[in-house]
Amino acid sequence: MKVILPDSSELELPEGATGLDAAAAIGPRLAQDAVLIRSNGDVQDLRLPLQDGQPIQILTTRDTDDADALYVLRHSAAHLLAEAVRRLYPGTKIAIGPPIENGFYYDFEFPEPIGEDALEKIEAELQRELEEGRSWEREVTSAEDAKKLFSEQGEDYKVELVDTAEGDISLYTQGDFTDLCRGPHLQNSKPIKAIKLTGLAGAYWRGDEHNTQLTRIYGTAFFSQADLDAYIERLEEAKRRDHRRLGVDLDLFHLSDHAPGMPFWHPKGTVIWDVLEALRRRENAKRGYVEVRTPLLYDVDTWVTSGHWEKFKDNMFLVPYGEERTLGMKPMNCPGHMLLFGNALRSYRELPLRYAEASALHRNERAGTLHGLLRVQQVTQDDAHIFVTPEQIEDEIFGALDFAAYVYRLFGMEARFELSTRPENKLGTDEEWDFTEGALRSALERRGIDFTINEGDGAFYGPKIDLHMLDVLGRSWQMGTIQLDSQMPARFGLTYVGEDNAEHTPYVIHRALFGSLERFMGILIEHFAGSFPVWLAPVQVRIIPVGVDHRDAAAELAERLDEFRVEVDDSDETVGKRIRNAEVEKIPYVVVWGDKESEDAIAVRTHGGEQSTKSLDELVAKLRDEADVS
Ligand SMILES: [Zn+2]
Ligand SMILES: [Zn+2]
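Residues numbered from 1 in each chain as written. Chains lettered and ligands numbered in written order. Predicted model: local features only at pLDDT ≥ 70, side-chain atom pairs only at ≥ 80, totals over all residues. Heavy atoms only, no water.

(A) Here's a closer look at the coordination of the zinc ion (ligand 2). Within the first shell, the zinc ion (ligand 2) binds the protein through Cys334 (SG), His385 (NE2) and His510 (ND1), at distances of 2.1 to 2.3 Å. For the zinc ion (ligand 2), all donor residues lie on one chain, and their spacing in sequence is C-x50-H-x124-H. Placement of Cys334 in helix α12 (residues 334-341) and of His510 in strand β30 (residues 507-516) is noted, with a sequence separation of 176 residues between them. Cys334 gets classed as buried once you look at its relative accessible area, which sits at 5%. A residue is classified by how much of its surface remains accessible, and His510, at 8% relative accessible area, is buried. (Donors = N, O, S within 2.8 Å, 3.2 Å for Na, K, Ca; no water. Helix = DSSP H or I, 4+ residues; strand = E, 2+ residues; numbered from the N terminus. Buried < 20%, exposed > 50% of the residue type's maximum accessible area, 1.4 Å probe, protein only.)

(B) Region of interest: the side chain of Gln213. In this structure, Gln213 sits in strand β13 (residues 213-222). Accessibility expressed as a relative area gives 5% for Gln213, which makes it buried. Here the side chain of Gln213 touches Glu365 through a polar contact of 3.2 Å, side chain to side chain. Not counting the four nearest positions on each side in its chain, Gln213 is found in contact with Gly202, Ala203, Tyr204, Glu365, Arg366, Thr369 and Arg375. (Polar contact = N/O pair within 3.5 Å; in protein donor to acceptor, adjacent residues only side chain to side chain. Contact = heavy atoms within 4.5 Å.)

(C) Quick peek at the sheet that holds strand β29 (residues 503-504). Pairing is mixed in the open sheet, where three strands are placed in the order β20-β28-β29. Looking at which strands have only one partner, the edges of the open sheet turn out to be β20 (346-347) and β29. Relative to β29, strand β28 (residues 496-497) is paired through two bridges, and the arrangement is antiparallel. Looking at the pairing, Val497 lines up with Glu503 of β29. (Pairing = 2+ DSSP bridges.)

(D) Representation of the packing of helix α5 (residues 143-152) against helix α6 (residues 156-164) in the model. With their axes 8 Å apart at the nearest point, α5 and α6 run at an angle of 170° to one another. One way to sum up the angle between α5 and α6 is to call them roughly antiparallel. Between α5 and α6, the residues in contact are Ala143, Ala146, Lys147, Phe150 and Ser151 and Lys158, Val159, Val162 and Asp163, respectively. Looking at side-chain class alone, the contact of α5 with α6 contains five nonpolar, one polar and three charged residues. (Axes fitted to C-alpha atoms, helices over the stretch in contact; angles between N-to-C directions. Parallel < 35°, antiparallel > 145°, perpendicular 65-115°, else oblique. Nonpolar A, V, L, I, M, F, W, Y, C, P; charged D, E, K, R; others polar.)

(E) The arrangement of the coordination of the zinc ion (ligand 1) in detail. Within the protein, the atoms that donate to the zinc ion (ligand 1) are His75 (NE2), His79 (NE2) and Cys181 (SG), at distances of 1.9 to 2.3 Å. For the zinc ion (ligand 1), the single-chain donor residues occur in sequence as H-x3-H-x101-C. Note that His75 and His79 are positioned in helix α3 (residues 67-88) at a spacing of four residues, about one turn of the helix. A single burial state applies to His75 and to His79, both of which are buried.

(F) Representation of the pairing of strand β26 (residues 464-470) within the structure. Most of β26 sits out of view: six of its seven residues are buried. For strand β24 (residues 414-420) and β26, the ladder comprises seven bridges, and the chain directions are antiparallel. Note on β26: the bridge partner recorded for Glu418 is Asp466. Of the strand pairs in this sheet, β26 and strand β27 (residues 476-485) are connected by six bridges, and their pairing is antiparallel. Looking at the pairing, Asp466 lines up with Thr481 of β27. Two successive antiparallel strands, β26 and β27, enclose a turn made up of five residues, where Gly474 displays a positive phi of approximately 80°.

(G) The arrangement of the sheet that holds strand β17 (residues 297-299) in detail. Pairing in this open sheet of three strands is antiparallel, and the strands run β17-β19-β18 from one edge to the other. What marks the edges here is a single partner per strand, and that holds for β17 and β18 (318-321). Taken pair by pair, the neighbouring strands of this sheet meet at an average axis angle of 35°, ignoring direction. Bridge count between β18 and strand β19 (residues 325-329): four bridges; the pairing is antiparallel. Counterpart to Pro320 in the pairing with β19 is Thr326.

(H) Structural detail: the pairing of strand β8 (residues 103-109). Buried residues dominate β8, accounting for six of its seven residues. Strand direction decides the pairing type here: strand β6 (residues 93-94) and β8, joined by two bridges, are antiparallel. In the strand pairing of β8, Ile94 is matched with Phe108. Sheet analysis places strand β7 (residues 99-100) next to β8, joined by two bridges and oriented antiparallel. Counted as the bridge partner of Ile100 is Gly103 from β8.

(I) Representation of the nonpolar core in the model. Core analysis: the biggest nonpolar cluster contains 58 residues, and Leu276, Ile397, Leu401, Phe411, Ile465 and Leu536 have the highest contact counts within it. Element by element, the count of residues in this core is highest for helix α13 (residues 393-410), at 10 residues. Leave out the neighbours within four places in its chain, and Leu276 touches Phe411, Phe514, Leu517, Phe520, Met521, Leu524 and Leu536. Counting 42 residues, the second-largest nonpolar core is a separate cluster that includes Leu73, Tyr89, Ile122 and Tyr172. (Core = buried A, V, L, I, M, F, W, Y, C linked by side-chain atoms within 4.5 Å.)

(J) Layout of the packing of α3 against helix α4 (residues 118-132). Where α3 contacts α4, the axes come no closer than 9 Å and their chain directions differ by 115°. Considering the relative orientation of α3 and α4, their crossing is right-handed. Contacts from Leu80, Leu81, Glu83, Ala84, Val85, Arg87 and Leu88 of α3 reach α4 at Lys121, Ile122, Glu125, Leu126, Arg128, Glu129 and Leu130. Of the residues in the contact of α3 with α4, the class split is eight nonpolar, no polar and six charged. (Left-handed = near helix turned anticlockwise from the far one by under 90°.)

(K) View of the pattern of salt bridges. Inspection of every chain in the model, using the stated rule, returns 55 salt bridges. A salt bridge links Arg87 to Glu83, with the shortest nitrogen-to-oxygen separation between them at 2.4 Å. Of the two residues, Arg87 and Glu83 are both situated in helix α3; the distance of four residues between them amounts to about one turn of the helix. By relative accessible area, Glu83 is classed as buried at 2%. Between Asp572 and Arg551 there is a salt bridge, with its nearest N and O atoms 3.2 Å apart. Placement of the pair is Asp572 in the loop between β32 (566-568) and α18 (575-584) and Arg551 in helix α17 (residues 551-560), with a sequence separation of 21 residues. For Arg551, a relative accessible area of 27% translates into the label partly exposed. Connected through salt bridges with shared partners, the residues Glu83, Arg87, Glu125, Arg128, Glu129, Glu132, Arg134 and Asp176 form a single ionic network. (Salt bridge = Lys/Arg side-chain N within 4 Å of Asp/Glu carboxyl O.)

(L) Examining unusual backbone geometry more closely. Cis rather than trans, the peptide bond between Gly183 and Pro184 has omega equal to -5°. Of note, the bond from Leu351 into Pro352 is cis; its omega dihedral lies within 30 degrees of zero at -5°. Considering the arrangement of structural elements, one finds Pro352 in the loop between β20 and β21 (353-357). Although it is not a glycine, Ser8 sits at a positive phi angle of roughly 75°. Position of Ser8 among the secondary structure elements: in the loop between β1 (2-4) and β2 (10-12). Taking relative accessible area as the criterion, Ser8 reaches 57% and is therefore assigned exposed. In the Ramachandran plot, Arg206 falls in the positive-phi region, its phi being about 60° despite a non-glycine side chain.

As structure tokens, this is what we get:
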């Protein structure tokens, strides 16, 4: 048979030859350095047979910047990580370990939580593995044999993965460690010249907050130390932007063990919060949402009805009530909104009914998984539940997408949309899912949105659209979500009287755009590196009177600018020191008022040091323009 090489030449090979055979036929060096076969944009393990007439490209250890080559390198590194963790922490269960942008992760269920300090030890074990050297063997097996293998090892997650796997079950073995994996993988660990663990985080099994929370270890690997060094430099920049550090430096918030994972917002942080809250209310009102307020605590029966008791009990804070009852603090607003809807007889004329509420939610997260504002136990979602008839679904999804696009553009973040379709454990018939998925898809298409499809990743009660944002450092954050639900209204027995005078169960759309406001604040702090645009900045203008004699004039100017967030710094520090302080606090505009200043000539410094002279009218016009949120 023949395969086609990138220069269009043909390579003759015996029937059943693999990618590695093709490399060897060209030269021993190529066979040694080969990492992957790429064919029509797909990646293929070197160990797999090629097809007659297949176009192939052989990627090698010299393709150090190639995303596919890095993927296979990092995926192999993830397997080394799992091997190391299982050796160091007996009893740990392994879940999944895919390569991701910039690195890889592996999710584990540790018998005891581990801290960041454990990473060094694990990294040393990885180095040891690299020095010993590993090579990967690929084998195809039956689902029964794979399940037997993994149940003997107590690897419950792998057993579950075998159950839901499609196609051939393949295993990759390195040393005494075998993982369930589609591949592709490196031939051996030699190309991994640099490996580093970069952090820890909590992650739910299968990304579903109703499931067990696992510990995710992040790492990265490169074909050279120099590449790793450059990457670390980029990470340093991320560290400089770390919201936990900037939160202290800019006096925005703090976290304390008095209330674990529940932020204390300082006055300046509260200003930003309130700007977001005002934006949320204003845009909701414009788009026909109504604000509601529902209780924080509900009888356990309510949570049984909603289904949270079954799936989410371990993450709920419970409060004893009287002798016999228990109340659960709401981890989500949905049940409250269901009860509100069900409080009256509803007619189709009231639909769509859009309830919005951003109240505090509480989620009992496992110790060791809290992370600044990014993972907290008190969560404030910009939540909404839209009750609709089937005919209204598409328009309402369209409206929510339009809203999302507006919000993300405001922050200069690029949004990415992902449509998740029917999962294995779906409720309802395929016809119903064809209809609901179709409605989401046409809303996305009508809005002209490019989206990716996450096959099988929808909630069991309906398909969803997840919204991700890319920040300035190119990091992707999952923000909001738009979920279509046909189940919860039925569980609460909700109905409306239709045009036909018969009772129908409404659909509900769960919708959050910022996602959690706490998390969103954390992301914003890092995205802007604390240098907020004027409309978000806690202090928009600081006036610095040069001497004692200028204090009255400074106070008067502050009054003239009172439609903005203005402060006067008349402390006894030198002018230079006060300007530096304003610079450190990242205040967008600083006005220095001395003998030469007047309403016609005001010395204005922007954050970053640019200076100009403006009249009061010019300054006001500029501020008005930049403080406007629209
Ligand atoms: Zn794998
Ligand atoms: Zn909801």
